[in-house]
Amino acid sequence: MNQKSSTLSVLQVGKFYPIRGGVEKVMYDLMLGLSQRGVKCDMLCAVEGRSEVVKINENANLICCHAVVKAAATMLSPVMIFRLRRICRNYDIIHIHHPDPMACLALFLAGYKGRVILHWHSDILKQKFLLKLYKPLQRWLIRRAETIVGTTPLYLKESPYLVDVQAKTRCIPIGIEDPQTTQGCGAYIREQFPGKKIVFSLGRLVSYKGYEHLVESAQWLGDDFVVLIGGSGPLREQLQQRIDELGLQERVRLLGFISGEEVCCYYDACDLFCLSSVFKTEAFGIVQIEAMAHAKPVVATTIQGSGVHWVNRDGESGLNAKSGDAKRLAEAIKAITAHPMIYERYAEGARKRYERMFTLDRMIDTTLKLYTETNANND
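Note that the structure is predicted; figures quoted are calculated from it, not measured.

Chemist: Just to check I follow, could you spell out the packing of aromatic side chains for this structure?
Modeler: Geometry of an aromatic ring pair is reported as the spacing of the ring centres plus the angle between the planes. Scanning all chains against the criterion turns up eight aromatic pairs. The interplanar angle of 40° and the centroid separation of 6.3 Å between the aromatic rings of Trp-120 and Tyr-161 together place this pair among those described as tilted. Note that Trp-120 is positioned in strand β8 (residues 115–120) and Tyr-161 in the loop between α5 (153–158) and β10 (169–171), a separation of 41 residues in sequence. Take Tyr-161: its relative accessible area is 25%, and that puts it in the partly exposed class. Where Phe-284 meets Phe-358, the ring centres are 6.0 Å apart and the plane angle is 85°; that geometry is what we call edge-to-face.

Chemist: Hey, could you run me through the sheet that holds strand β12 (residues 225–230) in this one?
Modeler: The strands making up a sheet are joined through hydrogen bonds of the backbone, oriented either antiparallel or parallel. Here six strands make up an open sheet; going across it, the order is β13-β12-β11-β14-β15-β16 and the pairing parallel. Lying at the two open borders of the sheet, with one neighbouring strand each, are β13 (252–256) and β16 (318–322). The average undirected angle you get between the axes of adjacent strands in this sheet is 25°. In this fold helix α10 (residues 286–293) packs onto β11 (197–202), β14 (272–274) and β15 (298–302), with an angle of close to 155° to the strand it touches most, β15.

Chemist: Please clarify how the packing of α10 against helix α13 (residues 340–357) should be interpreted in this entry.
Modeler: Angle between the axes and distance between the axes: these two values describe a pair of packed helices. One can describe the packing of α10 onto α13 by two numbers: an axis separation of 7 Å at closest approach and a directional angle of 115°. For the element pair α10 / α13, the angle class is roughly perpendicular. As α10 packs across α13, the resulting crossing turns out to be left-handed. Facing α10, whose interface residues are Ile-289, Met-292 and Ala-293, α13 presents Ala-350, Arg-351, Arg-353 and Tyr-354. Split by residue class, the contact of α10 with α13 holds five nonpolar, no polar and two charged.

Chemist: Would you mind showing me how to read helix α3 (residues 101–110) here?
Modeler: The α-helix advances 3.6 residues per turn, and as a result positions three or four apart in sequence lie on the same side. Counting buried positions over the 10 residues of α3 gives seven, a clear majority of the element. All of the buried residues along α3 are Pro-101, Met-102, Ala-103, Cys-104, Ala-106, Leu-107 and Ala-110. Following α3 by one or two positions, Gly-111 has its phi on the positive side, about 75°.

Chemist: Looking at this structure, I do not really get a nonpolar patch on the surface. What am I missing?
Modeler: Side chains of Val-68, Val-69 and Leu-76 sit close together on the surface and give an oily, nonpolar patch of about 240 Å² of accessible area. A relative accessible area of 60% places Val-68 in the exposed class.

Chemist: I keep staring at the side chain of Asn-59 and nothing clicks. Help me out?
Modeler: Mapped onto the elements of the fold, Asn-59 is located in the loop between β3 (52–57) and β4 (60–66). Within the structure, Asn-59 has its side chain in polar contact with the backbone oxygen of Ser-35 (distance 3.1 Å). Not counting chain neighbours up to four residues away, the residues in contact with Asn-59 comprise Ser-35, Gly-38, Val-39, Lys-40, Cys-41 and Asp-42.

Chemist: Help me understand the state of the cysteines, please; the structure alone is not making it clear to me.
Modeler: Defined simply, a disulfide is a covalent bond joining two cysteines at their sulfur atoms. If you walk through the whole model with that rule in mind, you get zero disulfides. In this model Cys-65 remains outside any disulfide bridge; the closest cysteine sulfur is found in Cys-45, 7.2 Å from its own.

Chemist: Any chance you could explain the confidence of the model for the chain here in plain terms?
Modeler: Low-confidence regions, as indicated by low pLDDT, have predicted coordinates that should not be scrutinised in detail. A residue-level look at the chain finds 94% of positions with pLDDT of 70 or above and a mean pLDDT of 92. Taken together, the stretch residues 1–5 has pLDDT below 50 and engages in 13 contacts with residues farther than four places along the chain or on a different chain.

Chemist: I tried to follow the pairing of strand β7 (residues 93–98) on my own but got confused; where do I start?
Modeler: Two faces, one strand: in a regular strand the side chains alternate between the faces of the sheet. Counting buried positions along β7 gives six out of six residues, so the element sits mostly inside the fold. Pairing of strand β1 (residues 9–16) with β7 involves four bridges; the strand directions are parallel. If you follow Gln-12 over to β7, its bridge partner there is His-95. Pairing between β7 and β8: six bridges, direction parallel. Bridging from a neighbouring strand, His-97 pairs with His-119 of β8. A crossover links β7 with its parallel partner β8, the connecting element being α3, and its sense is right-handed.

The rules we used
- Residues numbered from 1 in each chain as written.
- Predicted model: local features only at pLDDT ≥ 70, side-chain atom pairs only at ≥ 80, totals over all residues.
- Heavy atoms only, no water.
- Phe/Tyr/Trp six-rings, centres within 6.5 Å; stacked < 30°, edge-to-face > 60°.
- Helix = DSSP H or I, 4+ residues; strand = E, 2+ residues; numbered from the N terminus.
- Buried < 20%, exposed > 50% of the residue type's maximum accessible area, 1.4 Å probe, protein only.
- Pairing = 2+ DSSP bridges.
- Axes fitted to C-alpha atoms, helices over the stretch in contact; angles between N-to-C directions.
- Contact = heavy atoms within 4.5 Å.
- Parallel < 35°, antiparallel > 145°, perpendicular 65-115°, else oblique.
- Left-handed = near helix turned anticlockwise from the far one by under 90°.
- Nonpolar A, V, L, I, M, F, W, Y, C, P; charged D, E, K, R; others polar.
- Patch = residues over 30% accessible without salt bridge, like charges linked within 9 Å, V, L, I, M, F, W, Y side chains within 5 Å.
- Areas by Shrake-Rupley, 256 points an atom, 1.4 Å probe, with all protein chains shown as cover.
- Salt bridge = Lys/Arg side-chain N within 4 Å of Asp/Glu carboxyl O.
- Polar contact = N/O pair within 3.5 Å; in protein donor to acceptor, adjacent residues only side chain to side chain.
- Disulfide = S-S within 2.5 Å.
- pLDDT = per-residue confidence, 0-100.
- Right-handed = clockwise from strand over helix to strand, strands pointing away.

This is how it looks when you write it as structure tokens:
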């Protein structure tokens, strides 16, 4: 379904460019998809380079604002404040992506009187000092927003900051492009592990990803399994040391950074995907729907307050295990791969869940419907 609009003008405001994480990817995908449907949709963000405006297509511009410094995962860009003040009246709706204190501050100082949609990707969890300073502004933004969009109903319900505004929340799950054109590209990877069931995982090697538990789970997997972990990060040496201590060199491989093209091939090659995260910092887990789009079952974890285990529907697209429990991870992996008929049921369920809930078209069309309703309320 390709809805079209010749009247709407929307500005996405949030983190930085180029794309480094899920929030930026959602912003960019919305800008691109909505502009292709006839909506004037620009994206305002902070960059480490110079300020510039990049024309994406006839309906979309990427407005880059130079950041003077990056601190506490936030780009500080005074240019963004002045630029938003100049252009904000050109838009019917401003769509703010949270968490990003800089974007919120820019909106607060812009004097914008139009409609605001707040996209609540996650709570601020790690930067405690920043949150203490930011809380009054965050409360203002929550009040200011006409609608608060969340990526899962669980996260919207569980966030302590949204308890009193449930009536104006709406769930729009993240969607991604269908990767069917990459089918078969992982054959060269499978050839490296003949006779093995491949468990794939992907992400930054940081504490909240729980990779130490995935490594340890290999103790309960047989020699017919191999766990491949893609990504770089500060815990690489520590994880490799744990692999060596447990004598799991033949069962667990740290792949390091994987390019975008190669990532698709690893999804194609693997038998299932495992998301072993342990903290609410993992709010959604886009990697799960990437695996589902490739018709690969998912083993994920149940994290209090997170939407991860909602994304992976237990018993349909895969299984969810208790977070931080290596043995339970192994049991879930073995349960899915125990018999070809069981495996095919999960693989089919994963693909169907992607098609039903997490396509890029669905995210864009649902967002456009929200914009249209919001703009109609302004008439």
